[in-house]
Amino acid sequence: VVVGWDTAFNFYKLTWSSLVFQLHPECFFYATNDDAADRIGKHLVPGNGCVLPAIEAACLSCVPSRGRKSQPYNAKAVSLGKPNPDFA
């Protein structure tokens, strides 16, 4: 599962991600970034970091065993982009 900035994020997509975790409990869990906001012109809009906690909570509540595993197999996504020096 890879979580990226999605301006059309909704409950359907949250449900779908929790189903993927249930059907594939050994899948990787990554995020493109965990930025709280993104700048568009002079304004800030909610970023990927606002959506990520919802998916992490859905993952943990639907597949509690992921809470005991190491990343990238647990309920907290590994950030692939900034500020992760391993992937940047």
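Shown above is the structure to which this text applies.
Residues numbered from 1 in each chain as written. Predicted model: local features only at pLDDT ≥ 70, side-chain atom pairs only at ≥ 80, totals over all residues. Heavy atoms only, no water.

**Student:** Explain the overall build of the chain to me, please; I cannot follow it from the model alone.
**Tutor:** The secondary structure content of the chain amounts to two helices and five strands. Along the chain, helices (α) and strands (β) appear in the sequence β-α-β-β-β-α-β when read from the amino end. For the chain, the C-alpha radius of gyration of 13 Å lies close to 12 Å, the compact-globule estimate for 88 residues. Seen through its C-alpha atoms, the chain measures out along the principal axes to roughly 45 × 30 × 15 Å. By residue count, 34% of the 88 residues in the chain fall in the buried class. In the chain, once contacts between residues fewer than 6 apart in sequence are set aside, the share between residues at least 24 apart is 60%. For the chain, the accessible area works out to roughly 5600 Å², and carbon and sulfur atoms hold 64% of it. (Helix = DSSP H or I, 4+ residues; strand = E, 2+ residues; numbered from the N terminus. Rg over C-alpha atoms; globule rule 2.2 N^0.38 Å. Buried < 20%, exposed > 50% of the residue type's maximum accessible area, 1.4 Å probe, protein only. Contact = heavy atoms within 4.5 Å. Areas by Shrake-Rupley, 256 points an atom, 1.4 Å probe, with all protein chains shown as cover.)

**Student:** Can you help me understand a nonpolar patch on the surface in this one?
**Tutor:** A contiguous nonpolar surface patch, about 480 Å² in accessible area, is contributed by Tyr12, Trp16, Leu19 and Leu23. Topologically, Leu19 is positioned in helix α1 (residues 11–23). We classify Leu19 as partly exposed; its relative accessible area is 33%. (Patch = residues over 30% accessible without salt bridge, like charges linked within 9 Å, V, L, I, M, F, W, Y side chains within 5 Å. Salt bridge = Lys/Arg side-chain N within 4 Å of Asp/Glu carboxyl O.)

**Student:** Could you clarify how one ought to interpret the layout of surface pockets in this entry?
**Tutor:** Over the atoms rolls a probe the size of a water molecule, and in doing so it shows where empty space is left. Of the volumes computed, that of the largest pocket is approximately 180 Å³. Every residue along the wall of the largest pocket is listed here: Val1, Val2, Val3, Gly4, Asp6, Phe9, Tyr12, Lys13, Trp16, Ser17, Val51 and Ile55. Elements that contribute at least two residues to the lining of the largest pocket include exactly β1 (2–3), α1 and α2 (48–62). Residue classes in the lining of the largest pocket are distributed as eight nonpolar, two polar and two charged. (1 Å grid on protein atoms, 1.4 Å probe; cavity = no way out; pocket = protein on both sides within 12 Å on 5 of 7 lines; lining within 4 Å. Points joined across faces, edges and corners; volume = space filled by probe spheres on them. Nonpolar A, V, L, I, M, F, W, Y, C, P; charged D, E, K, R; others polar.)

**Student:** Looking at this model, I keep getting lost on the sheet that holds strand β2 (residues 30–31). Mind explaining?
**Tutor:** Pairing between sheet strands relies on hydrogen bonds along the backbone, with the strands arranged either parallel or antiparallel. A sheet is described by the order of its strands in space; here three strands give the open sequence β1-β2-β5, paired in parallel fashion. Looking at the sheet topology across the chains shown, the edges are occupied by β1 and β5 (78–79). Across two bridges, the pairing between β2 and β5 is parallel. Counted as the bridge partner of Ala31 is Ser79 from β5. (Pairing = 2+ DSSP bridges.)

**Student:** How should I be thinking about the nonpolar core in this particular structure?
**Tutor:** Among soluble globular proteins, nonpolar side chains are generally buried collectively. Val3, Phe21, Phe29, Leu52, Ile55 and Ala77 are the most contacted members of the largest nonpolar core, which has 14 residues in total. In terms of residue count, α2 provides more of this core than any other element does, five residues in total. When neighbours within four sequence positions are excluded, Phe21 is seen to be in contact with Val1, Cys27, Phe29, Ile55, Cys59, Val63 and Arg66. (Core = buried A, V, L, I, M, F, W, Y, C linked by side-chain atoms within 4.5 Å.)

**Student:** I keep staring at the packing of α1 against α2 and nothing clicks. Help me out?
**Tutor:** How two helices pack is summed up by the angle between their axes together with the distance between the axes. α2 packs onto α1 with a crossing angle of 40 degrees between their chain directions and a minimal axis gap of 9 Å. On the basis of the axis angle, α1 is oblique to α2. Classified by chirality, the crossing of α2 by α1 is right-handed. In this structure, α1 uses Leu14, Ser17, Ser18, Phe21 and Gln22 to contact α2, whose residues at the interface are Ala54, Ile55, Ala58, Cys59 and Cys62. Tallied by class, the residues present in the contact of α1 with α2 amount to seven nonpolar, three polar and no charged. (Axes fitted to C-alpha atoms, helices over the stretch in contact; angles between N-to-C directions. Parallel < 35°, antiparallel > 145°, perpendicular 65-115°, else oblique. Left-handed = near helix turned anticlockwise from the far one by under 90°.)

This is a description of form; function is not addressed.
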